[in-house]
Amino acid sequence: MFFCLYGPRTIWLDVMMMSNFAVVIIGLLSLLVKYKFNSTLIFSSLILLAFFIFYYLLSEAGFGHSDPEVYIMFLRLLIYFFSAFFIARLFRSNGLDWSDLLKAVVLSTTVNSAFVIVFFSSSELALIASLILDYDSQLNWIETGHRIFDISIGGGASASFTFSFVFFISLFLFLKEKNYFYVFQSLVIFLAIVLMGRTGLYFSAVFIMIFLFLCTIKESNSLVFIRKFVPVLVVFLFILAPIIFYSGVGEVVKDSQNFAWLTQGFFSGEVNHTARAIGSMWSFPDDELGLLFGELNLGRNENLPYVKSDIGYVRLVYGYGLITTSVMVFGFLFFLTYLHTKNSSVVSALAILLYVAILLMNFKELHLASRGTFLVLFMLVSASILLDKGQRRDT
C-alpha cells in the first residue's frame, strides 16, 4: 500500500508508478488465468484503444501537433484505477473489509508525513533527499524555507490536498473505533499539511468542521450522516465555494509573524492577490473547434504554445475540449452518485466527498490523475463495489 500510494520518485526510478504498474500486471495476469480471455475485457480494451486513436487522428488532422501528456494522463488514470481495484480485491480475498483498507491508507500517509517532519527538522537531510528525489524545484524551497516536500508527490498544494483528505479519514476512523492512535496519526498528518502548503490547510478546516459536527451526534447517526447527507453537503459546497473564494472572503491580517507560514506568498495587506490572479486566468480557445474539442495542449509542453493559466478547467478545455471535459467531470460524478444510491455505503459517500474536493481543487490548479489522490479515490470506489457486504454488516 505504501509504495503504491507514496513510493519515492527518485532520479533513477519512480517507485510509486512502478509499484502500481506491477500490481496491474500481476492482477491482469491472475484474471486471465482465472477467466481465460473474457470477451468483456477484450471489448473494453478495444474501446479504449479506439478512443486514443480518435484523439491522435484529431490532433494530427486538426492541429498538426499534440501534447503527449494528454494521452499519458488517461494512461495514469487507467493504471491507478486497475491498481486500486486489484488492491481492494486483495483485501477482500484475505477477509478484510473497507475499514482495513482505510487504515492502511492512513498508516501509509502517516509514514510519508513523518518524512516531511524529518525534512523540516533537518535541512541537511532535506538537502540530501532533494538530490535523490526527482524534484527540480525542491532545492529552492529548502533555501527559502518556504515549504517542505514529501518523498513522492512533491509537497506543495497537491500533496497537502491529498494529505488533508486522509487526515479526515483518520478522524473518521477515530470517531468510529475510539482508538486514540488515530489521534496521533491525525496530528502527524496535520503537521505535515501545515509544513507543505496552505491549500491542504484550508481543506482540512472544512473537514474538521464536518468531523466536529459528527462528534455532536450519536455514533450510529454519524454513520447515517456520512451515508446520506455528506453527498448533499459536498455538492452544496461545490456550488458555494467559488462564490466565496472570488468574493474575497477569507482575507487575513499579515502583520502577525506567527502566521507568516500561512500568509507568505498568498496574502498582501488586505488584498487576496491569489484570488485576483486566478480570477484573471479564465481564458479559453478562440475558435469553436478548439473550444469544443480542445487543442490537445495542456499548456506545459515546451514545444507547444504556453497556456497562461493554472486553473485546471481552463487547461482541460485546451487539452480535451469543453465536450470531453464536461463528460469526464460530470460523468464520473453521476457514476459516484449512482453507486451511492445503489449501496448507500460509507465509502461511496467518502468517494463523493473526495471527488467534489478534487473538483474544487481544479479551480486553483490542474489536479487530474494526480499522484496519491486518485489512487485513494479509486480505492474508495473499488471498496464500495467489492467490500460492500462488509460495509453493510459493519454499519
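Visitor: Can you lay out the side chain of Ser158 for me, pointing to particular residues and giving the numbers?
Guide: Position of Ser158 relative to the elements: it lies in helix H8 (residues 156–177). Contacts of Ser158, omitting those with residues within four sequence positions, involve Ile153, Met361, Glu365, His367 and Ser370.

Visitor: Could you give an account of unusual backbone geometry, naming the residues involved and the relevant values?
Guide: A negative phi holds for most residues other than glycine; trans holds for most peptide bonds. One non-glycine residue, Lys178, lies in positive phi territory at about 55°. By the secondary structure assignment, Lys178 is in the loop between H8 and helix H9 (181–196). Judged by its relative accessible area of 45%, Lys178 falls in the partly exposed class. With a phi close to 55°, Ala369 is a non-glycine residue in the positive phi region. In this fold, Ala369 is placed in the loop between helix H17 (346–361) and helix H18 (373–386).

Visitor: How would you explain the pattern of salt bridges if you had to name every residue and give the values?
Guide: Per the stated rule, a full pass over the model turns up five salt bridges. Here Lys103 ties to Glu177 by a salt bridge, and the two come within 3.1 Å at their closest N and O atoms. Here Glu177 lies in helix H8 and Lys103 lies in helix H5 (residues 98–121), a separation of 74 residues in the sequence. For Lys103, a relative accessible area of 26% gives the class partly exposed. Taking relative accessible area as the criterion, Glu177 reaches 29% and is therefore assigned partly exposed. In this structure, the salt-bridge partner of Arg300 is Asp310, at a minimum N-O distance of 3.0 Å. Separated by 10 residues along the polypeptide, Arg300 in the loop between helix H15 (288–293) and helix H16 (312–343) and Asp310 in the loop between H15 and H16 bring together distant segments of the chain. Here Arg300 falls in the partly exposed class, since its relative accessible area comes to 34%.

Visitor: Any chance you could break down a nonpolar patch on the surface for me, citing the residues and the numbers?
Guide: On the surface, Ile11, Trp12, Leu13, Met18, Val118, Leu125, Leu127, Ile128, Leu131 and Ile132 cluster together into a nonpolar patch covering about 960 Å² of accessible area. Top contributing element to the nonpolar patch by residue count: helix H6 (residues 123–132), with five residues. Summarising the element assignment, Ile128 is placed in helix H6.

Visitor: Tell me about H8, residues and numbers included.
Guide: Compared with an ideal rise of 1.5 Å per residue, which puts 22 residues at 32 Å, H8 spans 31 Å between its outermost C-alpha atoms and is within 8% of the ideal. Positioned one or two residues after H8, Lys178 has a phi angle of 55°, which is positive.

Visitor: Just give me the short version of the environment of Leu380, but keep the residues and values in it.
Guide: Along the chain, Leu380 falls in helix H18. Residues Leu380 and Ser348 lie 32 residues apart in sequence; the distance between their C-alpha atoms is 6.5 Å. Beyond its immediate chain neighbours, meaning those up to four positions away, Leu380 contacts Leu102, Phe165, Val347, Leu350, Ala351 and Leu354.

Visitor: An account of H17 is needed here, citing residue identities and associated values.
Guide: The end-to-end C-alpha separation of H17 is 23 Å, in line with the 22 Å expected for 16 residues at 1.5 Å each. Most of H17 is tucked away, with 16 of its 16 residues classed as buried.

Visitor: How would you explain the packing of H8 against H9 if you had to name every residue and give the values?
Guide: The interhelical angle for the contact between H8 and H9, taken along N-to-C directions, is 165°, at an axis separation of 9 Å. One way to sum up the angle between H8 and H9 is to call them roughly antiparallel. Both H8 and H9 take part in a crossing whose hand is left-handed. Listed contacts from H9 to Gly156, Ala159, Ser160, Phe163, Ser164, Val166, Phe167, Ser170, Leu171, Leu173, Phe174 and Glu177 of H8 are Tyr182, Val183, Gln185, Ser186, Ile189, Phe190, Ala192, Ile193 and Met196. Partitioned by chemical class, the residues of the contact of H8 with H9 number 14 nonpolar, six polar and one charged.

What counts and how
Residues numbered from 1 in each chain as written. Predicted model: local features only at pLDDT ≥ 70, side-chain atom pairs only at ≥ 80, totals over all residues. Heavy atoms only, no water. Helix = DSSP H or I, 4+ residues; strand = E, 2+ residues; numbered from the N terminus. Contact = heavy atoms within 4.5 Å. Buried < 20%, exposed > 50% of the residue type's maximum accessible area, 1.4 Å probe, protein only. Salt bridge = Lys/Arg side-chain N within 4 Å of Asp/Glu carboxyl O. Patch = residues over 30% accessible without salt bridge, like charges linked within 9 Å, V, L, I, M, F, W, Y side chains within 5 Å. Areas by Shrake-Rupley, 256 points an atom, 1.4 Å probe, with all protein chains shown as cover. Expected span 1.5 Å × (residues − 1). Axes fitted to C-alpha atoms, helices over the stretch in contact; angles between N-to-C directions. Parallel < 35°, antiparallel > 145°, perpendicular 65-115°, else oblique. Left-handed = near helix turned anticlockwise from the far one by under 90°. Nonpolar A, V, L, I, M, F, W, Y, C, P; charged D, E, K, R; others polar.

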